[in-house]
Amino acid sequence: MKCITEDALRCELRATEPECYVVPAGKILTPAAREYLQSRKIKIVKEGQQTTPRIVATEVPPMPEVTMAAPAPAPAPAPIKPKFVDYETGAFYMEKPEHMTHLVGNVLVVKNHPRILFRGKLDSLQSAVVLAQVDIHDRGGSQALIDDLGDILNILREIMRCDVLDEPFQMDTIIGLTHAELREQSHDPQRFFGVKAMVLPDYTMGRDFALLNQLRTDVRETEVAAANAFHTGAKYTRGDIIEELNRMSSAMHIMMCRYLAGQYQTGN
């Protein structure tokens, strides 16, 4: 249910002195808005119950009749357009509250909203990928491994862009593999890499393998954050993003298998 805030009322009624204010069907007054109307001695009625000319947010009051001798009325000031809109309540703000941040455009949510928590996870995952690339590079590691991580990083950045701009996400491959190939190779590593399924990480496998395993778990956590962020009722929005993160988890598993199979040897 949409809320009518005090800021919205002040903008709407600044040039009028109505006897009553009609609350449109499907909307409610915030406590501050109700107190504002009462302080101006404006009667509050619900739509359909008014007996006097009503003032609502979508109406402009008629100009009073004047005689030829009367001076022309001063033009009413243009209503002030609010800068920000509350995603949850529909409330308007002229200044961005400190506890809120941008969701899309001028639409605001609280900073601990699931969508913002997801973006935080996505941001953290990108930083972990970059740090892993630096680590591998500084130790003279495999350029092929660094490049595959670069592909992962570019996809994560595209996911962030599409979420912030509310655009559909479309990506056909990850680390050079189609979605069908990702599924096939991740489900049968013995066939493609000569590696047993579900090999548990161990320190003897080396630092690069440990880094890949850490990134795999980070991807899984980000996927869970996406599922929480885009869960609405019994449905999930942004299935494109959730699906891509699931495929990315498979891609990280394949990269670990490539490493064990010797495909990321130094110099490759």
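Below or above, wherever it landed, is the structure these notes cover. Position labels on residues start from 1 in each chain and follow its written sequence. Only residues with pLDDT of at least 70 get local features here, since the model is predicted, and only at 80 or more are side-chain atom pairs given and counted; chain-wide, interface and lining totals rely on the full set of residues. Hydrogens and water molecules were not included; the side-chain quantities draw on all heavy atoms of the structure.

**As for the overall build of the chain**
Each helix is a run of H or I in the DSSP string that is no shorter than four residues. Each strand is a run of E no shorter than two, and both are numbered from the N terminus. Within the chain, the regular secondary structure consists of eight helices and 12 strands. Throughout, a contact is declared for two residues whenever any of their heavy atoms are within 4.5 Å. In the chain, 60% of the contacts between residues at least 6 apart in sequence involve partners at least 24 apart. Computed by Shrake-Rupley with a 1.4 Å probe, the accessible areas treat only the displayed protein chains as cover when residues are assessed. Carbon together with sulfur atoms contributes 55% to the accessible area of the chain, which is approximately 16000 Å² in total.

**Quick notes on the side chain of Asp-218**
Among the structural elements, Asp-218 can be located in helix α7 (residues 207-229). Although Asp-218 lies buried, it forms no salt bridge, and the closest oppositely charged side chain, Lys-121, sits 6.3 Å away as judged by the N-O distance. Not counting residues within four places of it along the chain, the set of residues in contact with Asp-218 comprises Leu-125 and Ala-128. Note on classification: 1.4 Å probe, protein chains only; a residue is buried when its accessible area is under 20% of the maximum for its type, exposed when over 50%, partly exposed between these limits. Charge assignment in this entry is limited to Lys and Arg as positive and Asp and Glu as negative, and neither His nor the chain termini are counted. Think of a salt bridge as a Lys or Arg side-chain nitrogen and an Asp or Glu carboxyl oxygen that are within 4 Å of each other.

**With respect to the pairing of strand β2 (residues 20-23)**
Judged by which residues are buried, β2 turns out to be covered on both faces: Cys-20 and Val-22 on one side and Tyr-21 and Val-23 on the other are all buried. Strand pairing is assigned whenever DSSP identifies at least 2 bridges connecting the two strands. When β2 meets strand β4 (residues 43-46), the two strands line up parallel, connected through four bridges. Bridging across to β4, Val-23 finds its partner in Lys-46.

**Considering the sheet that holds strand β8 (residues 107-110)**
One open sheet accounts for four strands, arranged β6-β5-β8-β7; its pairing is mixed. Of all the strands in the sheet, just β6 (92-93) and β7 (100-104) have a single pairing partner and so form its edges. Direction of pairing for β7 relative to β8: antiparallel, over a ladder of four bridges. Along β8, the bridge assignment pairs Met-100 with Val-110.

**Some thoughts on the pattern of salt bridges**
This model, assessed by the stated rule, comprises 14 salt bridges. Across the pair Arg-139 and Asp-135 runs a salt bridge, and its minimum N-O distance is 2.6 Å. Relative accessible area serves as the criterion here: at 17%, Asp-135 is assigned to the buried category. Between Arg-161 and Glu-167 there is a salt bridge whose closest N-O contact spans 2.9 Å. If you follow the salt bridges from partner to partner, you end up with Asp-135, Arg-139, Arg-207 and Asp-208 in one network.

**Describing helix α2 (residues 31-39)**
All buried positions along α2 are accounted for by Ala-33, Tyr-36 and Leu-37. All buried residues of α2 lie within an arc of 95 degrees about the axis, which places them on one face of the element. Facing away from the buried surface of α2 by more than 90 degrees, the exposed residues are Pro-31, Glu-35 and Ser-39. Think of the arc as the fan of directions from the helix axis to the C-beta atoms.

**Notes on the layout of surface pockets**
Grid spacing is 1 Å over the protein atoms alone, the probe is 1.4 Å, and a cavity is where that probe fits but cannot get out, while a pocket is an open set with protein on both sides within 12 Å along at least five of seven lines and lining residues have an atom within 4 Å of a point. Grid points are joined across faces, edges and corners, and a volume is the space filled by probe spheres set on the points. Considered as a void within the structure, the second largest pocket measures approximately 340 Å³ in volume. As for the second largest pocket, its lining consists of 20 residues, of which Met-198, Val-199, Arg-216, His-253 and Met-256 are closest to the centre. Elements represented by at least two residues in the lining of the second largest pocket include exactly α5 (179-187), α7 and α8 (239-260). Top contributing element to the lining of the second largest pocket by residue count: α8, with six residues.

**A few points about the environment of Ala-210**
Residue position: Ala-210 is located in helix α7. Separated by 46 residues in the primary sequence, Ala-210 and Met-256 have C-alpha atoms spaced 9.0 Å apart.

**A look at the packing of helix α3 (residues 114-138) against helix α4 (residues 143-164)**
It is at 10 Å that the axes of α3 and α4 come closest, and there the two elements cross at 160 degrees. Taken together, the axes of α3 and α4 are roughly antiparallel relative to one another. Like other packed secondary-structure pairs, α3 and α4 cross with a definite hand, here left-handed. In terms of residue class, the contact of α3 with α4 is made up of 16 nonpolar, four polar and five charged. Every axis corresponds to a line fitted to the C-alpha atoms, with the helix fit spanning only the stretch in contact, and the corresponding angles, defined between N-to-C directions, vary from 0 to 180 degrees. Here the angle decides the label: under 35 degrees means roughly parallel, over 145 means roughly antiparallel, 65 to 115 means roughly perpendicular, and every other value means oblique. Left-handed is the label given to a crossing in which the near helix is rotated counterclockwise from the far helix by less than a right angle, and right-handed is the label when the rotation is clockwise. Under this grouping Gly is polar, as are all residues other than the nonpolar Ala, Val, Leu, Ile, Met, Phe, Trp, Tyr, Cys and Pro and the charged Asp, Glu, Lys and Arg.

**Examining unusual backbone geometry**
One non-glycine residue, Asp-166, adopts positive backbone phi at about 55 degrees. With respect to the helices and strands, the residue Asp-166 is situated in the loop between α4 and β9 (173-174). Here Ile-175, not a glycine, exhibits a phi torsion of approximately 45 degrees, which is positive. Inspection of the secondary structure assignment puts Ile-175 in the loop between β9 and β10 (177-178). Take Ile-175: its relative accessible area is 6%, and that puts it in the buried class.

Keep in mind that these numbers describe shape and distance, not what the molecule does.
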